[in-house]
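Breakdown of the fold
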Amino acid sequence: MKMKLLGAAIGALVVAAIPARAAISGTVRNADTLAPVAGAEVRLQIDPTGPFVLSAADGSFTLPVSPAGTVEVTAVVPYNRLAAINYTIAGAQANDGDTGVTLDLIPLGLDDPAYEPPRAADSCLACHQGHYDEWSTSNHSGAAVDFWVLDLFSGTGSPGGANGFNYRDTHDPGETGFCATCHTPMADVFDPGNTMLDEVTSVGGLDGVSCLACHQIDHVNESVNSIHLLGNATYRFPGGFLTERYVWGPLKDVSYPGMRSSYNPIFTDSRFCASCHQYSAPFGQTTYTEWQASSFAVPGPGFRSCQDCHMPARIDPDVICDEPFQPVRPAGQRHAHTFVGASPELLTSAVELDTTAELDGDTVRVQANLTNLVGHSFPTGVSIRNALLVITAAIDGTPLTQTAGPTVPGWANDDVPGTQPGDFGGFPGTGFAKILEGRINGQGPPVSPVLFIDAETVLENSNLPAGQSRLTAVEFALPPGTPTGAQIDVEARLLYRRAFRALAVTKQWTQTPQGGPIEIEVEADRLTLVNGSVLDILTASESGLILLGLGLAASALLVLRRR
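Quick look at the structure, then. Along each chain, residues carry numbers from 1 onward, in the same order as the chain's sequence is written. Where local features are concerned, this predicted model is filtered to residues with pLDDT of at least 70; where side-chain atom pairs are given and counted, the filter is 80 or more; whole-chain, interface and lining totals use all residues. As a rule here, side-chain values cover all heavy atoms of the structure and leave hydrogens and water aside.

What follows concerns the sheet that holds strand β3 (residues 52–54). Read from one edge to the other, the open sheet built from four strands follows the order β3-β2-β5-β6, with strand pairing classed as antiparallel. Here the strands that pair on one side only, and so sit at the sheet edges, are β3 and β6 (90–94). Pairs of neighbouring strands in the sheet enclose a mean axial angle of 25°, with direction left out of account. Two strands pair when backbone bridges link them, and strand β2 (residues 41–44) and β3 are joined in this way by three bridges, in the antiparallel orientation. Counterpart to R43 in the pairing with β3 is F52. Note on pairing: DSSP must find at least two bridges between two strands before they are called paired. Each helix is a run of DSSP H or I of at least 4 residues and each strand a run of E of at least 2, with the numbering of both proceeding from the N terminus. Here, axes are lines fitted to C-alpha atoms. For helices the fit covers the stretch in contact, and angles between N-to-C directions go from 0 to 180 degrees.

Structure representation (structure tokens):
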């Protein structure tokens, strides 16, 4: 009797130690032919750190998970443009212990030759309100109707746009300048390089760099110096369903049946952005290769892709689709679609200005050290962007005479005769710019600065590379007879300009196409020296001024109390 009880107890313990259910199993198939698909990654949706398995030669899989309730199991074959068959992501609901789960991968069909890309408002807004709202405020959404670009291309963007240079009036008939290739890719995609930017009328084209302009890219090759559709990026527009619902992206488990989603790892690679932000014709943007040469491109804890900085991850979990019953995704799977670039906030965090000043006899010595903290040059992008470090010293508002050190280049001035407010060429300091020189349409004398399309050489490249510092040292002379106790005000200002001053003044631009300032004061250090003694007052921020004022007030109160 005792032996029977002992055996029953041991049997009960063994049964209790074995889970009643374990794993989810099934088959991955081609949805059209029902043939098994080998090598598909099978995982639970919204479980980025969880296990995944590859389907076997017969399509079978066993996923070692034990979820508490109903879950979505997904299967994906990463997109490969060279593969004989590519598929959209498949999904099916299952519970712990389920067998016979079928995951049918839908093959991508041939492209629809009659496809007309719709507006984002018609194709994406209904389900992705949050992303749409962010994108609609971004530079991408206005790329096709950017009045600066239109002023430069045809002089038709703004009331003063016909002034000065415009591409169409100075180049051979039929030449496009390739502007539409990146600024309105959904209009240029069917005849790359042959679209006139100012003649685009299609609703999808006028959306600029829209949702579909990115998410229907299926491949970006290594030819990063080719401009987008002219040899770097390719698109797919499969038929057989709503073509605008065929999209590519960075998530492996998007199985919503209203979409035809494919996973493509290029979406988390900086090379994806290089498609439009790196090109040579022959001297264009070099943002991608600048990044490649930076510490940000080195694998490890300091790695940062373009997307990491310009599409930062959210801080809270939430859905990415507004349809009912959508999964709540971790913050790291949700990214901003504002594509913030040279905003005042981002510029301030991009560089660090450290200024010191000293009085040596009748000489004021100022050293301003600028350090680039980001993963590309400062400035970067199109060559009309530039920056100035302007250093001044004055007594009672009267500027001191510079006796040593560099001066800001002449390209910091406008073309109006005389010196206007904002003309800093010749001031103590330095400039940061890529100055391109070339003949307009290959004819006439060399001109600088020119746009990349006419560039024949780089006349100057003083942009500050990623991770590097540049010291600007200047000296000023005190006027003879400067009394002891005279106050010398020293100022170092870092100004970022989205366009050369001459260009902005000629075109009568007073703001950016997005309504922002053309010139941004990124940082300003102000120091005060007293002839006969030194009192350095660091006022690079308003908080510094407030703290200084509180400190001086406290000191004065202490003196009064002692009396």
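Structure's up, so let's keep going.
Remark: nonpolar core denotes a set of buried residues (Ala, Val, Leu, Ile, Met, Phe, Trp, Tyr, Cys) joined through side-chain atoms within 4.5 Å. Type-normalised accessible area, obtained with a 1.4 Å probe on protein chains alone, sets the label of each residue: buried when under 20%, exposed when over 50%, and partly exposed for intermediate values. Residues V364, I488 and V490 are the most contacted members of the largest nonpolar core, which totals 32 residues. For this core, the secondary-structure elements that each account for two or more residues are α12 (344–350), β12 (351–360), β13 (363–372), β14 (386–395), β19 (469–477), β20 (487–497) and β21 (519–530). The contact partners of I488, leaving out residues within four places of it in the chain, are L359, V364, A393, A394, I395, L400, L478, L527, T528, L529 and N531. If you look at the next biggest cluster of nonpolar residues, it comprises 22 residues, including M186, V189, V220 and V247. Residue contacts follow a heavy-atom distance rule, with two residues in contact if any of their heavy atoms lie within 4.5 Å.

A word on the sheet that holds strand β1 (residues 24–30). Strand order in this open sheet of three strands is β4-β1-β7, and the pairing throughout is mixed. Either end of the sheet is taken by a strand with one partner, and the two such strands are β4 (60–63) and β7 (101–105). Averaged over all adjacent pairs, the angle separating strand axes in this sheet is 30°, with direction ignored. Pairing analysis gives four bridges linking β1 to β4, with the strands arranged antiparallel. Across the sheet, residue I24 finds its bridge partner in β4, namely L63.

Between 30 and 60 degrees the pair is tilted, below 30 it is stacked and above 60 it is edge-to-face, where a pair is any two Phe, Tyr or Trp rings, Trp via its six-membered ring, whose centres lie within 6.5 Å. With the rule as written, the count across this model stands at 16 aromatic pairs. Ring-over charges, as used throughout, are those where CZ of Arg or NZ of Lys falls within 6 Å of the ring centre and within 35 degrees of the ring normal. Above the ring of F52, the side-chain terminus of R43 is found at 4.8 Å from the ring centroid. A cation over an aromatic ring shows up here: R260 above the ring of F241, its NZ or CZ 3.8 Å from the ring centre.

Let us now look at empty space enclosed by the protein. Over the atoms rolls a probe the size of a water molecule, and its path tells where empty space is left. Whether a set of points on the 1 Å grid over the protein atoms alone is a cavity depends on a 1.4 Å probe fitting there but being unable to get out, while an open set qualifies as a pocket with protein on both sides within 12 Å along at least five of seven lines; lining residues are those with an atom within 4 Å of a point. Grid points are joined across faces, edges and corners, and a volume is the space filled by probe spheres set on the points. What the rule picks out here adds up to one cavity of 30 Å³ or more. Roughly 70 Å³ of volume is contained in the largest cavity. Taken together, T286, E290, P379, T380, G381, V382, S383, R385, K434 and N463 make up the full set of residues lining the largest cavity. Amino acids are sorted into nonpolar (Ala, Val, Leu, Ile, Met, Phe, Trp, Tyr, Cys and Pro), charged (Asp, Glu, Lys and Arg) and polar (every other residue, Gly among them). Of the residues that constitute the lining of the largest cavity, the class distribution is two nonpolar, five polar and three charged.

The term salt bridge refers to a side-chain nitrogen of Lys or Arg lying within 4 Å of a carboxyl oxygen of Asp or Glu. In the structure shown here, the tally under the stated rule is 20 salt bridges. A salt bridge links R43 to E41, with the shortest nitrogen-to-oxygen separation between them at 3.0 Å. Comparing R43 with E41 shows no difference in burial state: the two are buried. A salt bridge links R271 to E222; its shortest N-O distance comes to 3.7 Å. Here E222 lies in the loop between β8 (217–220) and β9 (233–235) and R271 lies in helix α9 (residues 270–277), a separation of 49 residues in the sequence. For R271, a relative accessible area of 14% translates into the label buried. Given the relative accessible area of 60%, E222 is considered exposed. Sharing partners across several salt bridges, the network here consists of E491, R493, E521 and R526.

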